[in-house]
Each structure stands twice: as C-alpha cells, then as structure tokens.
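# Residue-level structural notes
Listed here are the chains, written in short residue letters.
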Amino acid sequence: MTGHTRKKNKGKGNGKRKTPSGLSSQSKDVDQIPCSTLEEDEMTRCNQPAEEGFERCEVHQAQYRTMYKKYKEASEVVDNIKSGRELPTKEQIQRYTDLHFTLDKARWVRKYLESIRVERTGRMIHQNRFFLKVDDGHKIRLKVLAKKMVEAVDTLKDIQARALDLYIADNPGTEWMKPVQSPKNFDDEPISTEEIVEAAQRTLPMDRKNSAGTLSASENSTRSSALADEDLIDVKHQSLKAKLLHVFEIITDPGLIAHLLRGADSDDSEPTFGVDPSVLHNIFQQYARQIMFHESDFFFRTLDKVSFQDLILDDDFSSKTHANSCLGLMWFKDAVLDALEMSKRGHVANFGRLSSRHKVLGGWIYSCAHTRPISHEAWWASIFNPLYLLELLKPPADVENRFVRLCNNFDDMVNFLSFGALGLLPPSTFCSRQHDGVDAILPRKHLSLSGVVIADMVSSPMPPPMIGPIPTTRRGRKPGCIVWLEMETRGYVFGALRNEPDSFNDAFLRELRARPDLFQVVTRSETDPGRDVEISPTDALPAMRYRQFEAPPARASNRPTGSGDWMVLRSAVDVLYGTRCEMPGGSNQSFFGYLQTLDSGNNKGWFFCFKKFPVKYIVILDTVPNRHHSVLAKNVAWVALRVRGYGEGEFESRKYARASDKFFQKRAKELLSWMPDNWHWDAR
C-alpha cells in the first residue's frame, strides 16, 4: 500500500479537497475509495470510506492535518533553538560556575529535547500510519533526530550533574551526595526506562500485561469515531505514559505485589513461605527514592514532586530516562532495613541520623548508609526476594563480593554466606568446578555456616601418569642416564576468620595445626604489623616445588624413585604475598598473592575488595600434592563440624552425611527463627 505521490513538501496537510474532473456524483457513491490510514496497531486498515477528493476518511484526514502541523512547528523550534547555539561540550559544562545559569541551560536543553521528541513522534506516526512509503528526506530527518536526541540526553545529564556539584558547593552539609554519584566499581551500562519497561513486562502476569497492551481491532474501530481534532502526537505520548505508570505500579500500587504473590502460589496447594506484600512494596518504594535522590539524572526532577505518580506523569520523565544499574545493592539493603522498620513503626522518620534525613516523593530516606548490624530477616529479604529488582540486575554466579560491601562486621559477612549456603544464591564457580564428578559446594556451605569464610579454592590435579617422576629428553651426566623431573602442586583454600578472640577460631585452628599430615596452615591478622604471619608447621610444605635427578630410562610402570633437593617455586606464604620465580626450562613466571592483589588496587571482583573491617586471613594447603581441592575442602569442613560438636574421629562419608543433615537443620532454624510459626521454608 502506498500513499499519494506528491512533490516533496508540497500539498501535505493543507486540507484542500481535490475533486477529479469528469467524476459524477453517482459514480462517487458506487466506487467509494477506502481510507488508506492504518489504525493505532499499525496493522489494521481503517474501514471507513475516504473523504471526497482525499485518500483518508474525514476523521483521519483531520487528525493528519493536526499532527502534521504540530510536528512541523516542533521542527521549526528544533532548528531555531539549535541555530547559532551548539550544545555545550563536557569541558564547557565543567566550567559553569553559576547554579542559576546552569539550571537555565538545563531548561533550554529540555525544551530542545521535548521539541525533538514531538517531531520524532509525529514523523514516526506519519510514516507508520499515513504514508507507508516515505521519501528519503523524511527518513534522513528521522535519523538526524535520533542522533540529536542521544546528544541532547547526554548533554542534559552532564548539565544536571554539574548543577548538582554547584548545588553542593552552595549548600554546606550536602557533601555526602558526591561520592555516590559516579560509582566506579562495576562495568554495568546505564539502563534506560525503555529497558525497565521491557524487563518489567516480562515479569507481569498476562492479565496485567494485556491491560497495558495495544488496543484490539474492534476497539480501534470504535476509536476511529473519536473527535476528528484528536492530537495523535499527544495520544502517543499519553499512551507511553500509561505504559510507564502501569510498569511502575510495583512502586505506586501496593495491591500489585499482593496480586503477583497470589499468582506465584496459584499452583501450590501449600505455599513454601508467606510474605507481607506491604513490606515488599515499601522496599521498592524506598529503593526507588534512594535512586531518585542520589542519581543526578533524577535529582532535580524530584524537587517539586510529591509522589511517584507526579514524577512519572511529568513531561520531563520519559522513556529515555536512564539510571545506573550498578547503584543497586547498597541502597537496596538500606531500603530493606527501612521497610522492616516501617512494618513495625509505620515510618522511618527517626530510624537514622536526623542530619541525613530527607523527604523524597512523599517519604523519608537517609543519605548515609545504615551502619547497624543486618538482621537475619533483612538478609533474607535482600537476597531471597521473588520480585528482586524486577530481574534487572540479573546477577551471575560470582556476585558475592558485591554483597560483602553491605556487611558492617564479620557477623554480617557470615550471615550473608550462611543464607547463600541455604540455597538463596548460586554457588561460586571456584567450588562448583567438578573433578571426576566431585565438587566442593557442600563443604563450602558447611564452612560458611560454621563461621569460616572461604573466598577461593585452587588446585591443579594431575592425571596418574603425570604424578611422580617424568622423563625428559635431556641426557644425564652419568653414562646411560637421563634427567627426570618431579613436580608437586598443592591445592589450597583461601579465606578469613574472625579477627577478634573467638573460642571457635581457637579450637578450629588448633585442630588444623594438630594434623600436619593433612593440612599446612598460614594465618595473617590485618591488625598485626608488617607481613607478620603464623605458619604451621614451621617448615610448611610449599604450594609448588620441583626437583631433578638422573636415572636410567625406564617404563612408566617402573619409574625410579625421586631423589635430591627440592626447589621451591611458590611457598605457602607466597599464596598471600606472591612471588616471581624461574620455572623448569628457564622461563620466568609471576605468581600473584591474594594480599598483594588487594594492596595493588587492581582487585576488581575480588571477594574482600569492599570489606570494611579487619579479619584474620587463612590459607590451608593440602599436605598430599597433586589432588583436587574438593578433597581438602571436605577434610577442612569435617574439622569445622567436629569443632561444632557434630562429629568425632576420622572422616567417613556416612558420618559426614549424618553430621551435615543435623548441622543444616540447626543453622536453618537459627537463621529463620524470625519467621512466623505458620510459615515453612524449603530450599528448592
């Protein structure tokens, strides 16, 4: 289907009727031309006859004139605003020193941006509903507008960030806002509101999703009889606003969460847990307030707004609005603490320091992160949330380091890992890698529940033919001999214990040090000076060593016994502090240590990189070389279970399984003791 063929920009939208010569009134009645316009779904053709002398019905012709006039006027505004005034660069924006001038500049860019939005919307409607085949100039203009919109959005964000800097400078006592404006800890790209809408709609039940969908064909037919002077551009923008309001109902409508929870349990005869929808609603509201308050792209938009609906319906809040996805966990944790307090008091007006209290969109938040210990209920709500951030963060398996930044003390960190051990987080890859069908997931869970933080497990297991002396191609000095090479690598686990005196720590370390046949132990307290470490035994076996000796060639089944001095490549202490050594064959290789990495600042993704309290680091090496770390992890976990009183004697699989069941039940009961009696929990 094609539209009328006209000369470029001639005769469009002028509203003049054109009656073809020689056409009688009878033939007009018999051969009526159908309206060429598509309805709002951009698929269904209007079923009304075209107005005499036009290719559209009376309603759509009038709508087209109104739309065309409006976007052409907006086009003039775009060109006039931009004429002689280029958008300021980042460097120019950083030189702004007057807040009022900066805010005026932001208003100018907003007007420019709104004009672009109107023209772009009008041209899209023009193309998709009225002229299905458009000229090249129209297409080029749409591409130019898209590019201008991106530039304007980025410029507006920079201006608003600069305005925030100037606002802080003019208002002493608001310096707390600055550090959180541009977090550098993650690689996450900004998330647009369009992406939020798309992600949220995937999580909504079909009945809720359909209510915000496009109109059906029958509804569209009814709509065609609407007023002929309807502003299609305004209708389109209001439709987008309606979708935004619908998607953000999770913040604005307390009843939505109750509806979603009922839908989630519809197939279960007995729900696994109950949850107060009002608590979840308050979590999302408080979290949204934190984002609005700390993110410069939103901050100035909230100043004269009294509610979330007020903000979303404002013309300045559009589908091009962006938020940093990396702002999540720290503020989400505070939102959880706020919501739990609100469930008890009804408000959080006196929950934190009054000097850092601020009212945003009708509710109170605190600009400084809460530093009180995190309760078991707060950890559960922060991690195990069926509506967690509308699935926007989509955390992969290895995200534990991000949660560590929420911990205010060692107990917080242990409780977090303990909830993860109950199945609320996917296991880290370092313990889920299998060797011969065996992994270290379960031992790591036991250690977490016991109070031992394990941050990494490493090993390089060798196949049987590679264990023991290996013949080389080098000739020995002795007649009839060749050089044999024997290499040992020891698996190890790295983690931390409570730094303060603790009866469990003392007993746990005592048990480990009493078994040098199984464990080589290195500990380092962060409160000790220099690089002081404790090593047990004092001549601890290294993480990697080799030796070379001469012997006659032999079959693999009859290899000679190794002899001679060992050359240490990486000691037990080097696991913490790193080393550089010469490998067999003459090449140099660097081995980075955990604490060396921490001190270097190049620790992105490292488990302890966001830790805010001292700990006692621990490295436990396997005395037996060349085997997988899952064996070591199981032996260490058995020591922890014995110290906790759940086992005796040497490790046996049956005893380990019995101790595991009892220990899990006890710890789950402790961690979930806050739950009402009518709830029950099942790690599925």
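Residues numbered from 1 in each chain as written. Predicted model: local features only at pLDDT ≥ 70, side-chain atom pairs only at ≥ 80, totals over all residues. Heavy atoms only, no water.

## Things to note about the overall build of the chain
Broken down by element type, the chain carries 25 helices and 15 strands. The buried share of the chain, reckoned over its 684 residues, is 48%. With an accessible surface of roughly 34,100 Å², the chain has 50% of that area assigned to carbon and sulfur atoms. (Helix = DSSP H or I, 4+ residues; strand = E, 2+ residues; numbered from the N terminus. Buried < 20%, exposed > 50% of the residue type's maximum accessible area, 1.4 Å probe, protein only. Areas by Shrake-Rupley, 256 points an atom, 1.4 Å probe, with all protein chains shown as cover.)

## Description of the sheet that holds strand β9 (residues 519-525)
Across the sheet, which stays open at both edges, the five strands sit in the order β5-β8-β15-β9-β10 with antiparallel pairing between neighbours. The sheet terminates laterally at β5 (453-458) and β10 (534-536), the two strands that pair on one side only. For this sheet, the mean angle separating the axes of adjacent strands, direction not counted, is 15°. By the bridge criterion, seven bridges tie strand β8 (residues 492-498) to strand β15 (residues 615-622) in an arrangement that is antiparallel. (Pairing = 2+ DSSP bridges. Axes fitted to C-alpha atoms, helices over the stretch in contact; angles between N-to-C directions.)

## Overview of helix α18 (residues 410-424)
Here α18 is 15 residues long and its end C-alpha atoms lie 19 Å apart, about the 21 Å a rise of 1.5 Å per residue gives. The element α18 is extensively covered by neighbouring structure, given that 13 of its 15 residues are classed as buried. The N-terminus of α18 is capped by Asn409, whose side-chain oxygen sits 3.2 Å from the backbone nitrogen of Asp411. (Expected span 1.5 Å × (residues − 1). Polar contact = N/O pair within 3.5 Å; in protein donor to acceptor, adjacent residues only side chain to side chain.)

## Concerning helix α25 (residues 653-671)
An α-helical turn contains 3.6 residues, so any two residues separated by three or four positions project in the same direction. In a regular helix each residue adds 1.5 Å, so 19 residues correspond to 27 Å; α25 covers 26 Å between its end C-alpha atoms and thus fits that length. Three or more residues of α25 are buried, namely Tyr656, Ala659, Ser660, Phe663, Phe664, Arg667, Ala668 and Leu671. Taken end-on, α25 shows its buried residues confined to a sector of 155°, consistent with a single buried face. Of the exposed residues in α25, those oriented more than 90 degrees away from the buried face are Arg654, Asp661, Lys662, Gln665 and Lys669. (Arc of directions from axis to C-beta.)

## Details of the sheet that holds strand β7 (residues 482-489)
In any sheet, the strands associate via hydrogen bonds between backbone groups, in a parallel or an antiparallel arrangement. Read from one edge of the open sheet, four strands run β6-β7-β11-β12, paired in antiparallel fashion. What marks the edges here is a single partner per strand, and that holds for β6 (470-475) and β12 (567-570). Averaged over all neighbouring strand pairs, the angle between strand axes comes to 30°, with direction disregarded. Strand direction decides the pairing type here: β6 and β7, joined by three bridges, are antiparallel. Across the sheet, Ile470 pairs through a bridge with Leu485, a residue of β7.

## Remarks on the state of the cysteines
Per the counting criterion, the structure on display carries zero disulfides. Distance from the sulfur of Cys46, which forms no disulfide, to the nearest cysteine sulfur (Cys35) is 4.0 Å. (Disulfide = S-S within 2.5 Å.)

## Some details on the nonpolar core
Counting residues in each nonpolar core, the largest one holds 104 residues, and the members touching the most others are Met413, Val453, Phe494, Phe508, Leu512, Phe519 and Phe608. In this structure, Val78, Ile93, Leu113 and Ile116 belong to the second largest nonpolar core, which totals 17 residues. (Core = buried A, V, L, I, M, F, W, Y, C linked by side-chain atoms within 4.5 Å.)

## A few points about the side chain of Glu486
Summarising the element assignment, Glu486 is placed in strand β7. Classification of Glu486 by relative accessible area gives buried; the value is 11%. Apart from residues no more than four positions distant in its own chain, Glu486 is found in contact with Gly468, Pro469, Arg545, Tyr546, Arg547, Gly562 and Trp566. (Contact = heavy atoms within 4.5 Å.)

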